[in-house]
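Breakdown of the fold
So the chains spell out like this:
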Amino acid sequence: MTAALARRWLAPALVGVVGLALWQTLVVAADVKPYLLPSPTAIAEQLGQVRPLVWSATLATGANALVGMLAGSVTAILAALLAARSRSVDLLLSPTAAAVSVMPIVALAPALNTMFGTTSNTPRRLVVAVVVFAPVFVTTLRGLRQVQPVHRDLLRAYAATPRQAARTVTVPGAVPHVFSGLRVASATAVVAAVVAEYFGGLQNGLGSRITAAAANSAYARAWAFVLGAILLGLTFYVVTLALERVVTRRHGG
Amino acid sequence: MSTPATAVDARGVGKVFESRSGTVTALQDVHLTVAAGEFVSLIGPSGCGKSTLLRLVADLEEPTSGELVVFGKPPRAAREAGDYGITFQQAGLLPWRTVSANVQLPLELHGVGRRARAMRAAELLALVGLAEFADAFPHQLSGGMQQRVAIARALAEQPSLLLMDEPFGALDEMTREHLQTELLRISASSGAAVLFVTHSIPEAVYLSDRVVVMSARPGRISGIVDVDLAAAADRTEGLREDAAFFAAVTAVREVLHGAPAPAVRGVDVR
Ligand SMILES: Nc1ncnc2c1ncn2[C@@H]1O[C@H](COP(=O)(O)OP(=O)(O)OP(=O)(O)O)[C@@H](O)[C@H]1O
Ligand SMILES: [Mg+2]
């Protein structure tokens with residue numbers, strides 16, 4: 001057990017350490033300019049100095065990503081439930097989801113900023129919700145459609161009403177699919193929350209801090225905030241994964 | 001409650017499937033009656049329409065010709081009245097439900113209260129020898145155990161007809177023979193008629209009052225063999241080595257392999 005655990009963590013950790021060492025050597029040996037790539041030690045030093053700021057920025061961006069992800073996922077799941085029940089709703093929603101999924105944040109974020117004002121977190125949360133919607137909608141709908149023929153026969157044999165069929169078979173059967181959508185969405189939610197801050201508005205999050213630091217040529221500091229973004233993204237992903245494990249453990253392997 | 005003496009009555013039933021690749025006559029002019037409480041097996045080569053016939057009785061498909069009556073009603077009415085229980089080739093358990101909750105499914109769909117449901121499930125799981133697995137999930141069970149859960153589920157509402165499509169098809173010989181004897185005991189004690197699809201001649205003979213032999217393209221009944229062995233409840237493993245058993249096996253095999261046989265033949269070697 002411990003040996004397996006060690007092996008599981010040791011390899012990635014080793015790759016990380018070796019990577020950092022190479023990075024450091026490269027930057028020092030080749031005398032790479034800081035605006036191109038600061039060295040890991042320089043970033044670590046900056047991180048030490050601005051740690052409270054990185055923490056608060058991570059919390060601000062994290063809150064946007066979380067609220068946006070919850071809103072987007074709930075909307076997507078409800079929409080998928082409707083689309084699975086009614087063909088006409090599906091004809092309406094599926095193209096909408098496709099359109100939404102290719103909508104560039106670059107266009108969306110400034111428009112929402114104008115709409116809601118620049119002192120609000122709402123535009124950023126909406127950007128996240130929009131980005132999260134499509135993958136969750138598509139995978140949930142696929143899950144709702146994938147009822148095993150033997151289960152369909154079973155429901156008909158026992159004269160289940162459509163509502164009963166949804167409650168006993170269709171919805172529980174879609175849960176693993178919902179989570180595969182959520183897993184994809186969790187990583188993009190953080191990226192979207194960070195990127196949405198590039199287009200003005202409140203200056204409290206990771207994205208604004210990264211742009212501000214870069215504008216002041218404080219590249220190592222910018223990278224310290226990037227590190228915060230990476231950790232935030234990983235946290236979202238890991239928490240979603242853990243939730244998935246807990247909920248779908250019953251489905252068996 | 002008095003049930004009609006005839007569980008299933010097929011009168012010239014036919015089924016044609018239309019698909020893009022053409023039409024398939026899955027069944028043609030099938031006449032068959034199953035008496036209440038009778039155990040009837042359907043046997044025949046792959047594709048001869050055994051599953052189709054079972055699905056027609058279950059009202060999972062509709063016949064394209066002829067008439068089908070189940071307990072004096074159209075199949076749809078019988079289905080909606082919960083007259084039959086059904087098992088499929090796959091156990092078809094819901095993986096996110098415990099064994100007990102799977103058995104309770106038909107009761108739950110028909111509005112039986114929680115306590116009554118749990119009690120009935122416990123009773124049925126004891127019947128199929130899985131009492132200690134009530135709270136397990138299906139993936140923790142072997143294939144044979146899953147099939148037993150499916151049988152328990154089919155029995156949940158004390159149906160007067162059991163429809164079983166190769167329930168033991170995927171099991172090893174030992175589990176299979178054990179479950180056959182269990183099924184005999186269960187069907188005898190429940191008094192339900194059974195329509196049982198199988199590929200195995202010994203299985204059909206061991207279980208049945210009558211074996212219906214079918215042939216393919218188009219699917220039709222080529223003969224019916226009466227099996228006059230001991231009463232279902234008295235059939236035991238020893239019977240498998242009985243001369244009467246072998247005689248019945250031979251009789252089914254002859255019809256199956258197209259030896260000239262009358263439409264109905266009896267085998268009585270007692
Ligand atoms: N839904 C369907 N659409 C089209 N053709 C079908 C359908 N169901 C069955 N058939 C055809 O009807 C014929 C009989 O099929 P059926 O499944 O009843 O055979 P079977 O006797 O149960 O075979 P097996 O022993 O392999 O299970 C086959 O030729 C099959 O291809
Ligand atoms: Mg079949």
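Our subject is the structure listed above.
Let me begin by describing the structure that accompanies this report.

What counts and what doesn't
- Residues numbered from 1 in each chain as written.
- Chains lettered and ligands numbered in written order.
- Predicted model: local features only at pLDDT ≥ 70, side-chain atom pairs only at ≥ 80, totals over all residues.
- Heavy atoms only, no water.
- Contact = heavy atoms within 4.5 Å.
- Buried area = accessible area lost by both parts, 1.4 Å probe.
- Salt bridge = Lys/Arg side-chain N within 4 Å of Asp/Glu carboxyl O.
- Polar contact = N/O pair within 3.5 Å; in protein donor to acceptor, adjacent residues only side chain to side chain.
- Helix = DSSP H or I, 4+ residues; strand = E, 2+ residues; numbered from the N terminus.
- Near = heavy atom within 4 Å.
- Areas by Shrake-Rupley, 256 points an atom, 1.4 Å probe, with all protein chains shown as cover.
- Nonpolar A, V, L, I, M, F, W, Y, C, P; charged D, E, K, R; others polar.
- Buried < 20%, exposed > 50% of the residue type's maximum accessible area, 1.4 Å probe, protein only.
- Pairing = 2+ DSSP bridges.

Here we take up the interface of chain A and chain B. Counting residues at the interface gives 21 residues for chain A and 26 residues for chain B. Across the interface of chain A and chain B, roughly 2,200 Å² is buried in total on both sides, 60% from carbon and sulfur atoms. The interface formed by chain A and chain B contains three salt bridges. Put simply, Arg156 of chain A and Asp59 of chain B hold a salt bridge, and the shortest N to O gap is 3.3 Å. In this assembly, chain A and chain B are joined by 10 residue pairs in polar contact (both at pLDDT 80 or more). Among the secondary structure elements, those contributing two or more residues to the side of chain A that touches chain B are helix 6 (149–157) and helix 7 (162–196) of chain A.

Now for the site of ligand 1. All names here are of chain B. Near ligand 1 you find Phe17, Val24, Ala26, Ser46, Gly47, Cys48, Gly49, Lys50, Ser51, Thr52, Glu166 and His199, and these make up its full shell. Measuring from an oxygen atom of ligand 1, one finds a backbone N or O atom of Gly47 at 2.8 Å. A distance of 2.8 Å separates an oxygen atom of ligand 1 from a polar side-chain atom of His199. Protein contacts shield 65% of the accessible area of ligand 1, which totals 630 Å² for the unbound molecule. Considering only residue class, the shell around ligand 1 consists of four nonpolar, six polar and two charged.

Residues and elements named next belong to chain B. Buried residues dominate strand 3 (residues 39–43), accounting for five of its five residues. Burial along strand 3 is two-sided: Phe39, Ser41 and Ile43 and Val40 and Leu42, pointing in opposite directions, are all buried. For strand 3 and strand 8 (residues 210–215), the ladder comprises four bridges, and the chain directions are parallel. Bridging from a neighbouring strand, Leu42 pairs with Val212 of strand 8.

By themselves, these observations are geometric and do not establish any function.
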